[in-house]
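# Structural features, examined
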Amino acid sequence: MAQSIPPQSQDHQPGVERLLQPQAEHIRADYRGSGKLKGRRALITGGDSGIGRAVALHFAREGADVAIVYLEEKEDAQETVRLIEAEGAKALAIRGDVSRSETCDAAVARTVEAFGGLDVVVNNAGVQYVSEDLTDIDDATWQRHMDVNINGYFYIARAALPHLGKGSAIINTSSINAFAGNKALVAYSTTKAAELGFTRALALQLAERNIRVNAVAPGPIWTPLQPASWGPIDPQAVADLGKDTPLGRIGQPSEMGPAYVYLASNDASYVTGQTVHVNGGMIVNG
Ligand code: NAD
Ligand code: MG
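None of these values were measured; they are calculated from a predicted model. (Residues numbered from 1 in each chain as written. Chains lettered and ligands numbered in written order. Predicted model: local features only at pLDDT ≥ 70, side-chain atom pairs only at ≥ 80, totals over all residues. Heavy atoms only, no water.)

Moving on, we get to the UniProt feature "domain: Ketoreductase" (unreviewed entry) in the chain. Summarizing the sequence annotation, UniProt attributes the feature "domain: Ketoreductase" (unreviewed entry) to residues 40-210 in the numbering used throughout. Helix makes up 51% of residues 40-210 and strand 15%, and the two end C-alpha atoms of the span are 16 Å apart. (UniProt positions renumbered as here; feature names shortened; annotations may be inferred. Helix = DSSP H or I, 4+ residues; strand = E, 2+ residues; numbered from the N terminus.)

With 15 residues, helix H3 (residues 101-115) extends 21 Å between its outermost C-alpha atoms, agreeing within 8% with the 21 Å of an ideal straight helix rising 1.5 Å per residue. Contacts from the buried residues of H3 go to strand S1 (41-45), strand S2 (65-70), strand S3 (91-95) and helix H4 (139-160). Directly after H3, the chain includes Gly 116, whose backbone phi takes a positive value near 85°. (Expected span 1.5 Å × (residues − 1). Contact = heavy atoms within 4.5 Å.)

The protein atoms donating to the magnesium ion (ligand 2) are Asp 48 (OD), Ser 49 (OG) and Glu 73 (OE), with metal-donor distances spanning 2.1 to 2.2 Å. Along the chain, the residues donating to the magnesium ion (ligand 2) are arranged with the sequence spacing D-S-x23-E. Highlighted residues: Ser 49 in the loop between S1 and helix H1 (50-61) and Glu 73 in the loop between S2 and helix H2 (74-86), separated in sequence by 24 residues. As far as the burial class goes, Ser 49 and Glu 73 line up, both buried. (Donors = N, O, S within 2.8 Å, 3.2 Å for Na, K, Ca; no water. Buried < 20%, exposed > 50% of the residue type's maximum accessible area, 1.4 Å probe, protein only.)

Turning our attention to the site of ligand 1. As a matter of local geometry, ligand 1 sits amid 32 residues, with Asp 48, Ser 49, Tyr 188, Thr 223 and Gln 226 nearest to it. One nitrogen or oxygen atom from the main chain of Val 98 is found 2.8 Å from a nitrogen atom belonging to ligand 1. Between ligand 1 and Tyr 188, the relevant distance is 2.5 Å, taken from an oxygen atom to a side-chain nitrogen or oxygen of the residue. Burial of ligand 1 by the surrounding chains reaches 98%, relative to a free accessible area of 800 Å². Secondary-structure elements contributing two or more residues to the shell around ligand 1 are H1, H4, helix H6 (186-206) and helix H7 (225-229). A per-element tally of the shell around ligand 1 places H4 first, with three residues. Among the residues making up the shell around ligand 1, the classes are represented as 15 nonpolar, twelve polar and five charged. (Near = heavy atom within 4 Å. Polar contact = N/O pair within 3.5 Å; in protein donor to acceptor, adjacent residues only side chain to side chain. Areas by Shrake-Rupley, 256 points an atom, 1.4 Å probe, with all protein chains shown as cover. Nonpolar A, V, L, I, M, F, W, Y, C, P; charged D, E, K, R; others polar.)

Here H1 crosses H2 at 15°, and the two axes come no closer than 9 Å. Between H1 and H2, the interaxial angle falls into the category roughly parallel. Considering the relative orientation of H1 and H2, their crossing is right-handed. Judged by residue contacts, Arg 53, Ala 56, Leu 57 and Ala 60 of H1 engage Asp 76, Glu 79, Thr 80, Leu 83 and Ile 84 from H2. In terms of residue class, the contact of H1 with H2 is built from five nonpolar, one polar and three charged. (Axes fitted to C-alpha atoms, helices over the stretch in contact; angles between N-to-C directions. Parallel < 35°, antiparallel > 145°, perpendicular 65-115°, else oblique. Left-handed = near helix turned anticlockwise from the far one by under 90°.)

The buried charged residue Glu 73 lacks any salt bridge partner; its closest oppositely charged side chain belongs to Arg 95, at an N-O distance of 7.5 Å. A polar contact of 3.4 Å, which involves the side chain of Glu 73, links it to the backbone nitrogen of Leu 71. Apart from the residues within four sequence positions on either side, Glu 73 is in contact with Pro 14, Gly 15, Val 16, Asp 48 and Ser 49. (Lys, Arg positive; Asp, Glu negative; His and termini not counted. Salt bridge = Lys/Arg side-chain N within 4 Å of Asp/Glu carboxyl O.)

This next bit is on the pattern of salt bridges. This structure, assessed with the given rule, holds twelve salt bridges. The residue Arg 144 makes a salt bridge to Asp 97 at a minimum N-O spacing of 3.1 Å. Here the residue Arg 144 occupies a position in helix H4, and Asp 97 occupies one in the loop between S3 and H3, the gap between them amounting to 47 residues. A salt bridge links Asp 240 to Lys 243; its shortest N-O distance comes to 3.2 Å. Taking the relative accessible area as the measure of exposure, Asp 240 reaches 34% and is therefore partly exposed. On the basis of relative accessible area, Lys 243 is assigned to the exposed category, the value being 54%.

With 32 residues, the main nonpolar core has Phe 59, Val 66, Ile 84, Val 122, Ile 171 and Tyr 260 as its most contacted residues. If you list the elements that add at least two residues to this core, you get S1, H1, S2, H2, strand S4 (120-123) and helix H9 (257-264). In terms of residue count, the dominant contributor to this core is H1 (six residues). With sequence-adjacent residues up to four places away left out, Val 66 is seen in contact with Ala 42, Ile 44, Ala 56, Phe 59, Ala 60, Ile 84, Lys 90, Ala 91, Leu 92 and Phe 115. Counting 29 residues, the second-largest nonpolar core is a separate cluster that includes Leu 92, Val 98, Cys 104 and Ala 159. (Core = buried A, V, L, I, M, F, W, Y, C linked by side-chain atoms within 4.5 Å.)

Right, let's talk about H9 for a bit. Residues lying three or four places apart along an α-helix face the same way, a consequence of the helix completing one turn every 3.6 residues. Buried residues dominate H9, accounting for six of its eight residues. For H9, every residue scored as buried is listed here: Gly 257, Ala 259, Tyr 260, Val 261, Leu 263 and Ala 264. Looking at the packing, one finds that the buried side of H9 touches H1, S4, strand S5 (169-173), strand S6 (212-218) and strand S7 (275-278).

Further remarks concern the side chain of Gln 10. Residue placement: Gln 10 occurs in the segment before S1. Ignoring sequence-local partners within four residues, the contact set of Gln 10 consists of Gly 15, Val 16, Leu 19, Leu 20, Pro 227, Ala 228 and Pro 232.

This is the structure we're talking about:
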C-alpha cells in the first residue's frame, strides 16, 4: 500500500533526492533485466534524479551504457553514476543547462565520444513553477518554461539526430497535464502539450529512417520536482499528490522506468508518434 508522504517543501528548484521524505524508489529490487538494451548507448537529460534516474537505472540493468545531463545537483548525479556502474554499465554525468544549444551539442558530442555512438535519447529535464493566477506569471518564468521544456527537447534531438541510426529511439517525457490541464500550471501544461506536437511531427519525419519518436505522460510521481514546485506554495499539496487518482496514491519513479525500456527497445518496433500513459488510472483524451 501507499507510503504516506508528510507535508514538505524544498525552497530551490531543481530539488534534491536527499531531502525527500520518504526516499523514492527508482528501480524495484526484483526488476530483472533481460538484455533488451544490450549494446545500446543512451543519453538522458535530467537523469540525476526522479524519473530520469529511474530510466537510467532500468536502461543500465537492460544492458545499455548511460549518459545523464543535470543542471547542478552534483550529489544526485554522482549517486546515479554509482548506481549505473553498479549495474555493470558505463556511466557519464554531464553538467549543463539544456536551454542553451551549446550545452546540448556538447552533451551529445561527449556521449558519442565516450560510448562510441548514440542510440537512445530521452528528453526529460524540465521545470515546473506553480502560479494560481495567470497574471502572477512574469515574463522570465513563462520564458524559462519554454526555454527548458520545449527548446531543450529540440536542441537535444537536433544534436543527436546525425548520430542516430535505424532502430534508434527518441523518448520525450510529457505529462498528464498536457491532456487534463492544470489550473495552477498553465505555463508548464503549455510546454508539456508542445512536447507532444514535437513528438508526433518528428515521428512522421523520422519514420522512413526507422527512428522512432514517442512520449511518456506520467501522472503524479514522487520526485524532487514535487516539493520544489508545489512545496513553496502549499506543503500540504505535496502530501496530497495522487490521492485523487483511481489508484489513490502517488507513483514511484520505479513505476515509470519500464515504460521507457519498452519504447527504447525492439519490443516497440511498430510504435512511433504515440504516448504511453503511466498515471494511476486517469482516463485521458488523445
Ligand atoms: P526531477 O527534479 O528529479 O527531474 C528534473 C530534472 O531536470 C532535474 O534533475 C534537473 O537536473 C533537470 N533540469 C531542470 N532544468 C534543467 C536545465 N535547464 N538544464 C538541464 N537539466 C535541467 O523531477 P522529475 O519529476 O523526475 O521530472 C522529470 C520530468 O518528468 C520532467 O520533464 C517533468 O515535467 C516530468 N513529469 C514529472 C511528473 C511528476 O509527477 N514528477 C509528472 C509528469 C511529468
Ligand atoms: Mg535532479
